[in-house]
Amino acid sequence: GAGVSQTPSNKVTEKGKYVELRCDPISGHTALYWYRQSLGQGPEFLIYFQGTGAADDSGLPNDRFFAVRPEGSVSTLKIQRTERGDSAVYLCASSLRGWPNEQFFGPGTRLTVL
Amino acid sequence: GIQVEQSPPDLILQEGANSTLRCNFSDSVNNLQWFHQNPWGQLINLFYIPSGTKQNGRLSATTVATERYSLLYISSSQTTDSGVYFCAVGPGANSKLTFGKGITLSVRP
């Protein structure tokens, strides 16, 4: 079956602009995760959804970052007033609820803030 | 939070050689995954192995949860094995994964 998909694959924006990144999880996966990967580092957790609700948003760096999952499937990560430090690859993952909780990752969106 | 350390940070092998990659973690976990990140950035699932031993072709992994470490074995390495290998752990069901810094493997022909 289809894996996790993310759009766009690349996004270039200017400092101060607003961006939206989209994630479409594996069908049937109720858990959805967002991570951010900077160059030369491992991915870092941002937020986790179980169904429509954010179960853990402890990784969001500040209030410019927000994510939604209104129907429990597709999720959108929203970044307001982008800064150059937001440049990174944003990864989305999904998993089944409960066990096994193996996470499967999408190809990522490379965000560049000029 | 949980700390994850991977070693060695870099590894260079001649094609056909074997290698062992190590992952140490600081607390008990209920999820441990090994990934291979290819040159295009895609994280490819290698093993879901919170405990025990698994094998898949030339790759195998062992996690000793009580001693808080996991090992990834690559036998008869190929140039296509090159890339970054990540270990990631989580404390419970559907919890966030904490990643190590990765091990960069280069396999030379």
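Above: the structure in question.
What counts and how
Residues numbered from 1 in each chain as written. Chains lettered and ligands numbered in written order. Predicted model: local features only at pLDDT ≥ 70, side-chain atom pairs only at ≥ 80, totals over all residues. Heavy atoms only, no water. Pairing = 2+ DSSP bridges. Helix = DSSP H or I, 4+ residues; strand = E, 2+ residues; numbered from the N terminus. Axes fitted to C-alpha atoms, helices over the stretch in contact; angles between N-to-C directions. Contact = heavy atoms within 4.5 Å. Buried area = accessible area lost by both parts, 1.4 Å probe. Salt bridge = Lys/Arg side-chain N within 4 Å of Asp/Glu carboxyl O. Polar contact = N/O pair within 3.5 Å; in protein donor to acceptor, adjacent residues only side chain to side chain. Nonpolar A, V, L, I, M, F, W, Y, C, P; charged D, E, K, R; others polar. Buried < 20%, exposed > 50% of the residue type's maximum accessible area, 1.4 Å probe, protein only.

> Help me out: how do you make sense of the sheet that holds strand E8 (residues 69–74) of chain B in this one?
Hydrogen bonds between backbone groups are what pair the strands of a sheet, and the pairing can be parallel or antiparallel. Residues and elements named next belong to chain B. If you walk across this open sheet you meet the 5 strands as E1-E3-E8-E7-E6, and the pairing is antiparallel. Each having just a single partner strand, strand E1 (4–7) and strand E6 (52–56) make up the two edges of the open sheet. Adjacent strand axes in the sheet meet at a mean angle of 15° when their direction is disregarded. Of the strand pairs in this sheet, E1 and strand E3 (residues 19–25) are connected by 4 bridges, and their pairing is antiparallel. Residue pairing across strands places Val-4 opposite Phe-25, the latter belonging to E3.

> Looking at this model, I keep getting lost on the interface of chain A and chain B. Mind explaining?
Many authors give the size of an interface as the accessible area that is lost as the parts come together. Counting from both sides, the interface comprises 27 residues of chain A and, opposite them, 19 residues of chain B. Summed over both sides, the interface of chain A with chain B buries roughly 1,700 Å², with 49% coming from carbon and sulfur. Here chain A is connected to chain B by 0 salt bridges. Applying the counting criterion to the chain A and chain B interface returns 10 residue pairs in polar contact (both at pLDDT 80 or more). Counting only elements with at least two residues in the side of chain A that touches chain B, the list comes to strand E4 (31–37), strand E5 (44–50), strand E9 (88–95) and strand E10 (104–105) of chain A. Considering every element that reaches the side of chain A that touches chain B, the biggest residue donor is E4 of chain A, with 4 residues. Residues that form the side of chain A that touches chain B fall into these classes: 13 nonpolar, 11 polar and 3 charged.

> Help me understand the side chain of Arg-64 of chain A, please; the structure alone is not making it clear to me.
All names here are of chain A. Position of Arg-64 among the secondary structure elements: in the loop between strand E6 (53–56) and strand E7 (65–68). Exposure remark for Arg-64: the relative accessible area of 6% places this residue in the buried category. Looking at Arg-64, its side chain comes within polar contact range of the main-chain oxygen of Arg-81, at 3.2 Å. Ignoring anything within four residues of it in the chain, the contact list for Arg-64 reads Lys-78, Ile-79, Gln-80, Arg-81, Thr-82, Glu-83 and Asp-86.

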